[in-house]
Every structure is written in C-alpha cells, then in structure tokens.
Amino acid sequence: MIRSAARPYLAFFAARFRSQLQYRAAAWAGVVTQIFFGLVSVMVLVAFYRAAGTDAPLTQSQSVSYVWLGQALLLILPFRLDPELREMIQTGDVAYELARPVFLPLSWFARGVADRVAPALLRALPQFAFSMLILPWIGWEEIALVPPASAAAFGLFLVSAVLGSLVAAAIGLIAAATLFWTIAGHGTSILVQTIVWVLSGVSIPLPLYPEWFQPVIRALPFRAMLDTPFQIYLGTTEASAVGGELLMQLFWAVGLFVLAWILIGRGSRRVVVQGG
Amino acid sequence: MTGTRLYWRLVGISIRSQMQYKVSFILQSLGQMIVTGGEFLGIWALFDRFGTLQEWAFHEIAVLYGLANVAFSVADALTNGFDSAGYLIRKGEFDRVMVRPRSTVLLLLGYEFTVRRIGRFLQGAAILSYGLVVSSESGAPLGLVGTAATLLWAIVGAVALFVGIRIIQACVSFKTVQSIEVMNVFTYGGVYASGYPFTIYVRWFRMLFTYGVPLAAVTYYPALLLMGRLDPGGAVRWIGWVSPIAGVAFLMVSLVIWRFALRWYSSTGT
Amino acid sequence: MALIEVDSICKRYVRRARTTGRGAALRGLFVREKVVTDALSDVSFTIEAGELVGYIGPNGAGKSTTVKLLAGILTPDSGTCRINGLVPWEERREHVARIGVVFGQRTQLWWDLPVIESFDLLADIYRLDRTHYETTRDRLIDRLSIGPFLEQPVRQLSLGQRMRADLAASLLHRPRILFLDEPTIGLDAPGKLAIRDFVRTINAEEGVTVILTTHDMDDIEALSSRLMIINSGRIVADGAPSILTDELARNREVVVDVTPAHGGEARPPEGTLAAALERSRTRWSLEGGRFRFDVDPTVLSVPELIRLVGEQYTMRDISIETAPIEEVVRRIYARTDGGANAPTASS
C-alpha cells in the first residue's frame, strides 16, 4: 500500500538521480575546484590556530576535517533555486503540473533531493580519497581529514547526512515557493544564498563563530544540513546526544517540508485564480 | 572609428541595455554586495575568536581582501564576453563576432560591461578603505598621494591579471565546455586566496601564485606598501612598486595565447 | 579571374565521443573514442561576380561548413580558396569587411537596441563614411520597408521584420558578396516573398553576388540561376537549376485507378506486369484501388506500363505527373549517399 503510493516519487527520484550522474566531466572539474578552495581554507585555519593556540571549541584537526567535509558535500546545499522550477512558476506553466495525478510538493521534493545527492556523491568520493588518503600519504597529516570518531559515528554520520540533504531540499523548496509571490525571484535567491553561506558551516565551521552567536545558530534550521552530520562524524557531539540531534533534523525536515507544502498550496491557488 | 572609441560606444550601449531592466539590476547589485559581505563576515568571526592571523592584524587582511575584490569586480565587469565564450560558441554567436572586420578581443570586451558587479566593487572598496584608514592611523608611511598612486597601480596590475585569466579561460572553453569550472580556481579562487597574506600558504602554493599566475605580485606586495610593513618572507620593500607589471605581462601573454586559440578554433570548428 | 575560387578543399572534424555499452559510465571517466567526420572532401567550384547561387543539401552535408570557410571563420585542412583575391581565413578582417553574412536563425542586431541604433553601431564597426552610410541605409530602409519599426527594440520585432532588418544590416557596408544561410526559415508566405523579391533585386540591379543555402525549394525555384547540391561532403551536382528539371524529365509518377475484375480488393500485380516492374526496378504502391508507379521512362515506357496494367485490371482513370521538386532532390541525395563510392554528377 505504502509502496505503491510512494512509487511515482521513488521513480521520479531515480530518474533525476541517474540524469544527474551523467555530468562526469563537470564533476571532475568540480572536484578539482573544491579541493582547491578546501586547501586555501584549511591553510588559513591552520595559520589562525598556530598564532593563537587558544582553547577553541574545535581542535585544529577537527576544524580542518570540518572544512574538507564541507567541500565534499557542498552540493547538498540549496545555494541556487532550481532553474526549471523557477521558470515553471514564473511562466505559470505550473498550472499544467498541478493537473498531474501526483502530490506536487512531494514530487518536487523528491526531485530536489535527487538533484542534490547525486552530484554531491559523485564529487564526495574523490574528495574523501584526496583529503583522507592522499594528503597523509604525501606527508601532510596536519591538514588531512581525520577518520571518523568511530565506526558507529560513521554510520550515524551517513544517516545524519541523508537527513541533512532532506532539510536542504525542504529549504530549497521553500525558497522556490516564494517565487509565487515575488516577480523576479532575485530577492529570494540572494537571501537564501547569503544565509546558507553564513549559517551552514561552509564559510567557517559553525562552532568557531562567537559564543554569543551560538544560541542563534542552534535555534535555526540551517545547521541541520551539514553541521549536525559533521559534528557526529568528528565526535564533538556526545554519543548520548546523537539521538536527539537526529530527531532534531527529522523535525526540521518534516516541519520545513510542511511549510513548503502550505506555501505551494497557497501560491498555486493564486496562479490558478490569476490564470482564470 | 578607432578601437578605443568603438569600445566606449559598445560599453555605453551595453549599460543602456542593462538599465532597461532596472529592478533586476538593483537587486542583483545589492545581492552581490550582501553575498560578498557574508563572506567577509567569516573572516571577521575568525579574528574575533583567534585575535590575529599569525602576525597579521584584522585591518591588514581588510586591505588585502578589499584590494583583491575591487580589482576582481572591475575585471569581472569587463570580461563577461570572455566568461560567456563557451555559451556564445554553442549558440553560434561567436561566428557573428568572427564575421566582423574588427579585433575579436575588442568585440568580446565590448560584448557587455556588467554593471551589477558594482555590488562586489562597493563592498570591497568599503573594506579596503577601512583597512587603509586604520593602517594610516597606525603609521603607514606613504601619505595620501603615495597611497593613491600605489593603489591605482596595484589595481591596474590586478585587473590586467584577472582579465588575462578570463581570456585564457575563454581559450579553454574553445576546447571543453563542461570542464570550464576548473578555471574558477584562478578567478574566484584567486580572489579568495589573495584575501590573505601569501606567507600563510605552503611553498608550492606561494610559488604557483607568485611565478605561475602572479597574484602575489599584484595584491600582496603592493598591499604591504599600503599597510606600511615588510614582507616576513624577506622581499625588498620596493618590490610592490615594480611587481604589478607582472599582471600586465600576464595579460600580454594571454593575448598571444588567444591568437593561437582562435587559430585552433578555426581549424577545428568546435 | 573568378570572384570566388575554391580548389580541392577538404575539412575533417575529429570529435571525442563517450564510449557506450557496459561499464561505459566508469570507462567514460578516462577513455574517449575518436569519431572522425569528413565534412568536406575535395570540394571545388568557382563563382563569377553577379551570380545567384543556390546551395542545398541535407542537414550535416557540409553546407554550413562551406559557408563558414568562405566567411573566414574556418580554416580547411587542405585546399585553397580565394575570394576577391584574398584567402578568407588568412586575411579574415580585410575579407569580412567586403562580405555580408546573414544567419537566418540568429540575429546580428542588438537585442535591446532600436533597429536604427544597431545600424549606426554597425557603421562604426565597419568604419563607414558617414554620408555614404546614410545614403545606403536610407535606401535599404526604404526598399525593405523597415521605416515603421525603425525605432523599436529588436526583441519586439516579428520574425519577418527582424529578417528584413538583418538583411539591411548585412548590406550597410555595401558588400559585393552576400551569404544567406536559411534566410526564409520560419517566415510566413508574404515574409518569404518579400525576402526573395529583395534578394533578386540586389542581385539583378546592383550585381551583388549571392550564395544562398536553404531547405525551401521555392527559394531555389524563385531565385537561383545556378544550383549546387552537396551531400556527404561532396558536391554532387552543380549547374543550372535544369539539372533538377532533367531529373524531373526522367521520372514520371503514373497514377492509375483500377476496378478489380472480380469485385473486392484489387490484388497485387502478377505475371508480365509483376515481371516488368521487377525488371525495371519501378517502385509502386497499391492502395484502395489506386496504383502509384514511380517509373523511369528510359527503362519502362509509360505506354508499355499502361498496356501491362490494362491486361490485368480494368482501368477507370489515368494520370501522369512529374515528381515534385523535393522528391527529386531527395532522390539525388539518396543516390549520392555514402560518400566515396557515390557517382559524382557534375555539370
């Protein structure tokens, strides 16, 4: 029963996933680029740590690993609005989509997850190989990605990363849904891009922001995309707290999805009414 | 009509075209300002936590970051035609450039002057000003005229360098469109890297960006003069007055490569 | 010396393609296969000043490669070409200042600018003398009836208007040679007529040499004094458009309505008729009592065919038609497909 209900969405997910896997040359280029940005970030962090030697909430090698993880999974983040969705909403073609016998928010959500996870996977593996294996092998342990805190931590990291990509897809969906109300969509793009950049942990590891800012970070859903899985990987989240963290991610994924659902419902009614 | 006058003509037309979409222009400019602002927030947060970056202070990083971003935003605005070369080729639009009795470089430079880059420019300029003011309060020796001249010369060199990188990027896009993202390493990556003093990087990385793509020559060394300090690596003080020439030289080399790439394009018909 | 001299030009494209099949996804990361296409093999022709040449061929036959070579965009692998005494790809800038090029699918005007400003800008790009330019421009505006939309941005023009503006733009610098690549594509009937009319006029009255690629056979019939057909990178026919009419004169479409002798559906041919059709390799079809024969009279004469049909069926009506021009061209393509082994029909 549940399987047959989920079937169109799984099929949709699988189709998008496969088509995303085709961009191999782009993936190589992306890997090189992201390793480069990772290297610069890491060298900068190491320089900061060397000078200060403070009691930062992350050790140097934890910070460095955090950066590498962030580069590897960068594409999960909802930096850009899905261009196809954008066009569909802006041209009003979304009306045709509404006529299909699927639950629109869920099929868009499936598409959002596939579009993020597939390219991220394609790029993550070579990057892990580089930052975890090649760097120590050429004698650069100082800036290498450390192995996960434990086997269990790694398993939970994977679960958490999947949940993180669901949160990211839901945020992307909310951003797209705002296009029903704004003409250009630029405003949304900019806002999402900036917030994601600052609050997801790819600019700098979130624990390194000032202490007074930490409650704000903890209250917002953006850390649930990357920061939560990373801290599980590094073991900076206590084992006893992991369950709660995963639940928190699930809460955000579901809650944000419901919010996106409501927005899409309201927005598409507007389109239908306007379209007469 | 001379090349320079034609260029200004094309720039004028391009600006007028963009002003037909004012809302979009304003939003995109603001957007770029906010996005790059978010980037600098990270640097600020790290200083807030660690205090210094090796022996470098926050305002010194501001000089480097501001200089790199100001120069890149100018180059970025100038070179949209080269940045879009891959797209133009796929659309067959590049053939239209080829059937004009003018220099292809001139026509591509005139393809668009991207005004919305002013977002990054203003943000970079604000941070640069902050850095320069604090530097002068803590005794930078150049004075107003000296600072202005050094700054201008550094910007000329850096813009030339980034334009050169974009031209080479366009050459690469003749051959491969999908892998073009790699060139971001030298453009966006270059800006990012030159926002910090090159002394914090490992040796091969410093070598690459000093002798290969001479970013250090157009940002780091002139910035040392602006902030009134010596290179911990031991370079002579006046090097920053000479080194921006490397950016101009890089541009010249890229123009030669462009000629070869054009010949390659016309012999393969991508 | 002819205006355009093309001598034994060869052009080959090498493309790296993805491998297909099992495990291709993984192998594709590392290995790529070379695919070689001969876009042009040993192409030679000359065009005299004042000619109006129709250049046709199926998609991918080498039409646009030829035009790009003549326009100085591409360099051939071997062979030579002189236009106005210049080698296009070696003296590109001098060369393109003397030619006009219109790509039907893409505009050469500035999307957001009024038409008139695009013209002015082109005058600057081509370094035109102001007074000369203004005379030429005003005449073109007049002839192509551009006046009414002169101040509109190009993005607001209809396709027909845009095409007329594009034609004018390509002639502002008074080129002696005009390349038109699919100039009537997508236009409605009046739009096509206007373009054809204009092309004929500038060719006849001002002696501009025109090379026109098209898929529209009406363009050819209405315009060309000479036809070149390219297929698989070779010129397979070159001459007066009568090369088509010769072909036309050859084959006949014979349509015969028959009544079956015993009622019901007419049965397929048998006996002598079947043998004759077989022997002459005549293509035929039978549908609802109507025969269609595509017959070459030099092999099987039309009276003979009709006699044989009459032996087997009761005939109600007969009509004999010449094949439409598209069909003839299709036949030339089919006959000349396969590159090297194909017979080269030349004038």
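The coordinates are above.
These notes cover the structure that comes with them. Worth saying up front: this structure is predicted, and the values here are computed from it rather than measured.

### What to know about the overall build of chain C
Helix and strand counts for chain C come out as 12 helices and 13 strands. Restricting the contact set of chain C to residue pairs at least 6 apart, pairs at least 24 apart contribute 71%. Split by element, the accessible area of chain C, about 16400 Å² in all, is 49% carbon and sulfur.

### Things to note about the packing of aromatic side chains
Scanning the entire structure with this criterion turns up 45 aromatic pairs over all chains. One residue, B:Arg263, lies across the ring of B:Phe260, its end atom 5.8 Å from the ring centre.

### So, empty space enclosed by the protein
Residues and elements named next belong to chain C. Here the structure, examined in full by the defined rule, presents five cavities of 30 Å³ or more. A volume near 90 Å³ is recorded for the largest cavity. Forming the walls of the largest cavity are Thr136, Arg139, Leu140, Leu171, Arg174, Pro175, Arg176, Ile202, Glu206 and Val208. When contributions to the lining of the largest cavity are tallied by element, the ones reaching two or more residues are helix 5 (130-143) and helix 7 (189-206). Tallying contributions element by element places helix 5 first for the lining of the largest cavity, with three residues.

### Side note on the interface of chain B and chain A
If you look at the interface, chain B gives 37 residues, while chain A gives 41 residues. When chain B packs against chain A, close to 3500 Å² is buried across both sides, 75% of that on carbon and sulfur atoms. Taken together, the links from chain B to chain A amount to one salt bridge. Across the pair B:Arg49 and A:Glu211 runs a salt bridge, and its minimum N-O distance is 2.9 Å. Taken together, chain B and chain A are joined by five residue pairs in polar contact (both at pLDDT 80 or more). Mapped onto the side of chain B that touches chain A, the elements with two or more residues apiece are helix 2 (22-50), helix 10 (188-193) and helix 11 (203-212) of chain B. Here the side of chain B that touches chain A is composed, by residue class, of 22 nonpolar, 11 polar and four charged.

### Observations regarding the pattern of salt bridges
Applying the stated criterion across every chain yields a total of 33 salt bridges over all chains. A salt bridge links A:Glu245 to A:Arg223, with the nearest nitrogen and oxygen atoms 2.5 Å apart. Note that A:Glu245 is positioned in helix 11 (residues 239-275) and A:Arg223 in the loop between helix 9 (214-219) and helix 10 (227-234), a separation of 22 residues in sequence. Of the charged contacts, one joins C:Arg12 and C:Asp38 as a salt bridge, the two residues approaching to 3.0 Å between their closest N and O atoms. Here C:Arg12, found in strand 1 (residues 4-17), pairs with C:Asp38, found in strand 2 (residues 33-47); they are 26 residues apart in sequence, far enough to count as distant. In the salt-bridge network here, residues are joined through shared partners; they are C:Asp120, C:Arg130, C:Glu134, C:Arg137 and C:Asp138.

### A short note on helix 6 (residues 104-137) of chain A
For helix 6 of chain A, with 34 residues, the first-to-last C-alpha span of 49 Å sits near the 50 Å given by 1.5 Å per residue. The largest bend along helix 6 of chain A measures about 30° and falls at A:Phe130.

### Side note on the side chain of B:Thr187
By the element assignment, B:Thr187 lies in the loop between helix 9 (143-175) and helix 10. Contact partners of B:Thr187, with chain neighbours within four places excluded, come to B:Phe72, B:Phe162, B:Ile165, B:Arg166 and B:Gln169.

### Concerning unusual backbone geometry
With glycine set apart, most residues show a phi of negative sign, and most peptide bonds adopt trans. Residues and elements named next belong to chain C. Non-glycine residue asparagine 84 carries a positive phi angle of around 55°. Positionally, asparagine 84 belongs in the loop between strand 4 (78-83) and helix 3 (92-96). Using a relative accessible area of 27% as the deciding quantity, one classes asparagine 84 as partly exposed. The backbone of arginine 281 sits at a positive phi, close to 55°, despite the residue not being glycine. Among the structural elements, arginine 281 can be located in the loop between helix 10 (271-280) and strand 11 (283-287). You can call arginine 281 exposed: its relative accessible area is 75%.

### So, the environment of C:Pro88
Residues and elements named next belong to chain C. Assignment of secondary structure puts proline 88 in the loop between strand 4 and helix 3. Take proline 88: its relative accessible area is 0%, and that puts it in the buried class. When the C-alpha atoms of proline 88 and isoleucine 47 are compared, they prove to be 15 Å apart, with 41 residues separating the residues in sequence. In this view, proline 88 contacts Leu69, Leu70, Gly72, Cys81, Ile83 and His95; residues no more than four positions away in its chain are not counted.

### Observations regarding the packing of helix 4 (residues 115-125) of chain C against helix 6 (residues 159-171) of chain C
Between two packed helices, both the angle of their axes relative to each other and the distance between the axes serve to describe the pair. All names here are of chain C. At a closest axis distance of 10 Å, the pairing of helix 4 and helix 6 adopts a crossing angle of 20°. Relative to helix 6, helix 4 is oriented roughly parallel. Crossing angle aside, the handedness with which helix 4 passes helix 6 is right-handed. Across the interface between the two elements, Val115, Phe119 and Leu122 of helix 4 pack against Ala165, Ala168 and Ala169 of helix 6. Tallied by class, the residues present in the contact of helix 4 with helix 6 amount to six nonpolar, no polar and no charged.

### Brief notes about the state of the cysteines
Taken as a whole and judged by the stated rule, the model has zero disulfides over all chains. Cysteine C:Cys81 shares no disulfide, and the gap to the nearest cysteine sulfur, in C:Cys10, comes to 13 Å.

### Examining helix 11 of chain B
For helix 11 of chain B, the full list of buried residues reads B:Phe205, B:Phe209 and B:Thr210. Axial view of helix 11 of chain B: buried residues confined to an arc of 120°, hence all on one face. Seen from the buried face of helix 11 of chain B, the exposed residues on the opposite side, beyond 90 degrees, are B:Arg203 and B:Tyr211. Looking at the buried positions of helix 11 of chain B, the neighbouring elements they touch are helix 2 (24-52) of chain A together with helix 10 and helix 12 (215-218) of chain B.

About the cut-offs
- Starting afresh in each chain, residues are numbered from 1 along the sequence in its written order.
- Lettering for chains starts from A, numbering for ligands starts from 1, and both go in the order in which the items are written.
- Only residues with pLDDT of 70 or above have their local features reported here, since the model is predicted, and side-chain atom pairs are shown and tallied only from 80 upward, although totals for entire chains, interfaces and linings are computed over all residues.
- Hydrogens and water molecules were not included; the side-chain quantities draw on all heavy atoms of the structure.
- Helix and strand labels come from DSSP, where a helix needs a run of H or I of at least four residues and a strand needs a run of E of at least two; each type is numbered from the N terminus.
- We call two residues contacting when some pair of their heavy atoms lies within 4.5 Å.
- Surface exposure here means Shrake-Rupley accessible area, sampled with a 1.4 Å probe, where a residue is shielded only by the protein chains that are shown.
- Within 6.5 Å between ring centres, the rings of Phe, Tyr and Trp (the latter by its six-membered ring) count as paired, and their orientation is classed by plane angle as stacked under 30 degrees, edge-to-face over 60, tilted in between.
- Geometrically, a lysine NZ or arginine CZ counts as sitting over a ring once it is within 6 Å of the ring centre and also within 35 degrees of the ring normal.
- The method works on a 1 Å grid over the protein atoms by themselves. A cavity is a set of points holding a 1.4 Å probe that cannot get out, a pocket is an open set with protein on both sides within 12 Å along at least five of seven lines, and residues with an atom within 4 Å of a point line them.
- Grid points are joined across faces, edges and corners, and a volume is the space filled by probe spheres set on the points.
- For any pair of parts, buried area is found by adding up, for both, the accessible area (1.4 Å probe) each one loses once the two are put together.
- Each reported salt bridge corresponds to a side-chain nitrogen of Lys or Arg within 4 Å of a carboxyl oxygen of Asp or Glu.
- Here a polar contact means two N or O atoms within 3.5 Å. Within protein one must be a hydrogen donor candidate and the other an acceptor candidate, and residues neighboring in sequence count only if both atoms are side-chain atoms.
- Under the scheme applied, nonpolar residues are Ala, Val, Leu, Ile, Met, Phe, Trp, Tyr, Cys and Pro; charged residues are Asp, Glu, Lys and Arg; polar residues are all the others, including Gly.
- Expected helix span is computed as 1.5 Å times (number of residues minus one).
- Throughout, bend refers to the angle between the axes fitted to the seven residues that end at a position and the seven residues that start at it.
- With a 1.4 Å probe rolled over the protein chains alone, any residue whose accessible area is under 20% of its type maximum counts as buried; one over 50% counts as exposed, and the rest are partly exposed.
- Between N-to-C directions, angles span 0 to 180 degrees; the directions come from axes that are lines fitted to C-alpha atoms, helices contributing only their stretch in contact.
- Reported orientations rely on four angle classes, namely roughly parallel under 35 degrees, roughly antiparallel over 145, roughly perpendicular from 65 to 115, and oblique for the rest.
- Crossing handedness: left-handed means the near helix sits turned counterclockwise from the far one by under a right angle, and right-handed means the same turn made clockwise.
- A pair of sulfur atoms, both from cysteines and within 2.5 Å, is called a disulfide here.
- In this description, the arc belongs to the directions extending from the helix axis to the C-beta atoms.

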